[in-house]
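Secondary and tertiary structure notes
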Amino acid sequence: MDKIVNFLIEFNLGILSSVIGLLFVIIGFFVTVINVLRSKKASEKAEEAAVQVMDNMRKFDTITEFSSAISAMDEIKRLHRQKAWDILPDRYSFLRKSLISIKTTNPNMLKEYQSALQTAITNFSSIEDQVEKANLQKKSPPDIAKLNKVVSKQIDKLHQILTEIKNQINR
Amino acid sequence: MIDKKFAMLVEKLYNKTIDGDIEWEKTDIEGVFQASFPNYSIRLSTEKIHYQEDDTITEYYYFNIYNSEGKLIESTDNYQLSDSLEDSYDKMEKMYHIARRRSLGVEKAIDDLLSELDDDLPF
């Protein structure tokens, strides 16, 4: 045992081992820092991915809402042709509320899309007033071809927006 | 009495219409044209009123604002604006007719036709 101790003292191995130990500590410190930074980056990436998934889910919901609104408009065109004036005011009102809901639940929607929805809302509100008045006053209803032309234009515009939103998800 | 802010709104819309920055569209009502923004729509219309007292016909231009539910919230015309907006009749008339032409595609039709005629010219 004394020989081992003397050997260590003679060749300053004690100091050498301390220096080596210090080097390992320093290397270990930097390895830890690198690992922490890597895991932070990984968690940031995970957070980004989660945000992207939630954004896509919101877009899917919006697509569903737009599709429902377009279907409702197609139904309104059919009811116009069938001259179902008694039930149409309720359909207009329901559709208008759906469109308002789409706008309200998507406050970050492009202004261009919001304006298109606003156009549809105002048009259907106006049509509802016309048909309600005609029903109450027992006057002849508005021109069906003209009404359906307006409705078709809204359908086309909403369809265009729907396609653009779908493309945003596919990117 | 229409306040100055409203007159300013009409003036701004008039200037942007002249510059071609507003997208006017046809509506469900003949002769009524609409421009929409994210939360409001504006409709322009016109009406000729015959005053039997003096047998005159006066043309009015209307400016209506609709809210986010599509309900009318404010309405004015060139006569009500005359105190707050300079040349209110001329401006409203011009804005209405530009809105009509753009909505009906008249300007585009004229541009396309001019283009066709230019192509046919031998020089």
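Read on for a plain summary of the structure. (Residues numbered from 1 in each chain as written. Chains lettered and ligands numbered in written order. Predicted model: local features only at pLDDT ≥ 70, side-chain atom pairs only at ≥ 80, totals over all residues. Heavy atoms only, no water.)

1. Brief notes about the overall build of chain A
A tally of regular secondary structure across chain A gives five helices and zero strands. Listed by position from the N terminus, the elements making up chain A come as α-α-α-α-α. In terms of overall dimensions, chain A is more spread out than a globule: its C-alpha atoms have a radius of gyration of 35 Å, far above the 16 Å expected for 171 residues. Projected onto the principal axes, the alpha-carbon positions of chain A cover approximately 120 × 25 × 25 Å. For chain A, with 171 residues in total, the buried portion stands at 33%. Pairs at least 24 apart in sequence give 73% of the contacts found in chain A among residues at least 6 apart. Here chain A displays about 11,400 Å² of accessible surface, and carbon together with sulfur accounts for 61% of that area. Seen as two clouds, the 25 positive and the 19 negative side-chain charges of chain A have centres 7 Å apart. (Helix = DSSP H or I, 4+ residues; strand = E, 2+ residues; numbered from the N terminus. Rg over C-alpha atoms; globule rule 2.2 N^0.38 Å. Buried < 20%, exposed > 50% of the residue type's maximum accessible area, 1.4 Å probe, protein only. Contact = heavy atoms within 4.5 Å. Areas by Shrake-Rupley, 256 points an atom, 1.4 Å probe, with all protein chains shown as cover. Lys, Arg positive; Asp, Glu negative; His and termini not counted. Charge placed at Lys NZ, Arg CZ, Asp CG, Glu CD.)

2. Focus: helix 1 (residues 4-18) of chain B
Residue and element names in this part refer to chain B. Given a rise of 1.5 Å per residue, 15 residues ought to cover 21 Å, and the 21 Å separating the end C-alpha atoms of helix 1 matches this to within 8%. Of the positions making up helix 1, those classed as buried are Phe6, Ala7, Val10, Leu13, Tyr14 and Thr17. One side of helix 1 carries all its buried residues, which in axial view fall inside an arc of 125°. Exposed positions of helix 1 whose direction lies more than 90 degrees from the buried face are Lys4, Lys5 and Lys12. Its buried side turned inward, helix 1 meets strand 3 (41-51), strand 4 (56-66), strand 5 (72-77), helix 2 (78-81) and helix 3 (88-104). Where helix 1 terminates, the next one or two residues include Gly20, which has phi positive at roughly 80°. (Expected span 1.5 Å × (residues − 1). Arc of directions from axis to C-beta.)

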